[in-house]
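Remarks on the overall topology
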Amino acid sequence: MAVEAQNDRPMYDCRNAFVETLEALAATDERIVAVANDSVGSSKLGGFQKKFPERLVNVGIAEQMLVGAGAGLANGGKIPFVSAASCFLTGRALEQIKADIAYSDTNVKLVGQSSGVAYGELGATHHSIEDFAWLRPLTNITTIVPADPWETAEAVKWAAAHEGPVYIRLSRMPVPALEIAKRTFEPGKAELVRDGSDLTIIACGTMVHLAVGAAEILAAEGVLARVLNHSTINPLDEAAILQAGETGAVVTVEEASVRGGLGGAVAEFLATHRPVPIEIMGFPGFAPTGSVEWLFAQNGLTAEGIASAARKALSRKDT
């Protein structure tokens, strides 16, 4: 469902794609259940609750219990989708995620809602910009950051069929559908959104369409920028990153901390395989209170801001 239009392009809330897909899967597989922490509304699980009232567990504001209940349901043969605001899911319940899900390799699907700085004016306590850094060392949790509604739906389908822990990171911020022909979804495989040979912009989630905008700005200047939608933080598409290094300069952009996330992972790999100039874009530390638009602009997370980082990376190329 399109929620608004931007520059004549329909914009979508990926939470809608999440619940529509989950309800369709649950209609054919009674093992699928949802677990929430007094977040039925913000997770948009109201329809699921009406259709499957016995298959939604609301534990209240108790995130450690939330994750523990999900692990217990998985051990009982269910396929639980454990949904909560990503800042609380990954922060308050990190030990349970580590011990009950990752260490135990339990078949739980974690869904971090309203990620990044989507809560805006609620401030640093509600921003979720550290979750990549917290979860990346838990290498058996497949971590997916969908960029648009199609990818969100495919990620949910894949997660339901996959035997093992998954973290799907969703935003409440509307995004356009990516215009890519013959798309396929495979965790650990980056998606080529736009080709180019002068440098590569690697983005995930809400930043992908902004990266495309940056590439369009650069194209007007004669710079051909490749754009990759790297929607999985675990595992990495090392082949695509190595090819990105071959363009001679890389920019990474994510709605997350610049430490320990997609940019850190790309930099670690390139430093040991093909060192090139790299600019890592995101949030440098705690993000203050403010609208999403203001927070993005203050940190260069706009098409022009990404283009500016690309120019900086290009200025360091082959020097």
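See the structure shown above.
Okay, so let's go over this structure. All values reported here derive from a predicted model rather than from experimental measurement. (Residues numbered from 1 in each chain as written. Predicted model: local features only at pLDDT ≥ 70, side-chain atom pairs only at ≥ 80, totals over all residues. Heavy atoms only, no water.)

Turning our attention to the pairing of strand β15 (residues 278–283). The buried count for β15 comes to five of six residues, which makes it a mostly enclosed element. Where strand β14 (residues 250–257) meets β15, five bridges bridge the pair, whose relative direction is parallel. Bridge pairing links Thr 252 to Ile 280 in β15. In this fold, the crossover linking β14 to β15 by way of helix α10 (residues 262–273) has right-handed handedness. (Buried < 20%, exposed > 50% of the residue type's maximum accessible area, 1.4 Å probe, protein only. Helix = DSSP H or I, 4+ residues; strand = E, 2+ residues; numbered from the N terminus. Pairing = 2+ DSSP bridges. Right-handed = clockwise from strand over helix to strand, strands pointing away.)

With that settled, consider the sheet that holds strand β8 (residues 166–169). Spatially, β4-β3-β5-β6-β8-β7-β13 is the arrangement adopted by the seven strands of the open sheet, whose pairing is mixed. Looking at which strands have only one partner, the edges of the open sheet turn out to be β4 (56–58) and β13 (232–234). Between one strand axis and the next, the sheet turns by 20° as a mean value, whatever way the strands run. Note that strand β3 (residues 32–36) and strand β5 (residues 79–85) share five bridges and pair parallel. Looking at the pairing, Ala 36 lines up with Ser 83 of β5. (Axes fitted to C-alpha atoms, helices over the stretch in contact; angles between N-to-C directions.)

With 13 residues, helix α3 (residues 63–75) extends 18 Å between its outermost C-alpha atoms, agreeing within 8% with the 18 Å of an ideal straight helix rising 1.5 Å per residue. Those residues of α3 that fall on the buried side of the exposure criterion are Glu 63, Leu 66, Val 67, Gly 70, Ala 71 and Ala 74. Down the axis of α3, the buried side of the element spans an arc of 130°, and every buried residue falls inside it. Those residues of α3 that are exposed and angled more than 90 degrees off the buried face are Met 65 and Asn 75. Contacts from the buried residues of α3 go to β3, β5, α4 (86–92), α5 (94–102) and β6 (109–113). Among the residues trailing α3, Gly 77 stands out with phi positive, at a value near 95°. (Expected span 1.5 Å × (residues − 1). Arc of directions from axis to C-beta. Contact = heavy atoms within 4.5 Å.)

To continue, consider the side chain of Ser 86. Looking at the element boundaries, Ser 86 is found in helix α4. Ignoring any residue separated from it by four or fewer positions in sequence, one finds Ser 86 in contact with Gly 91, Gly 112, Gln 113, Ser 114, Ser 115, Gly 116, Ser 128, Asp 131 and Tyr 167.

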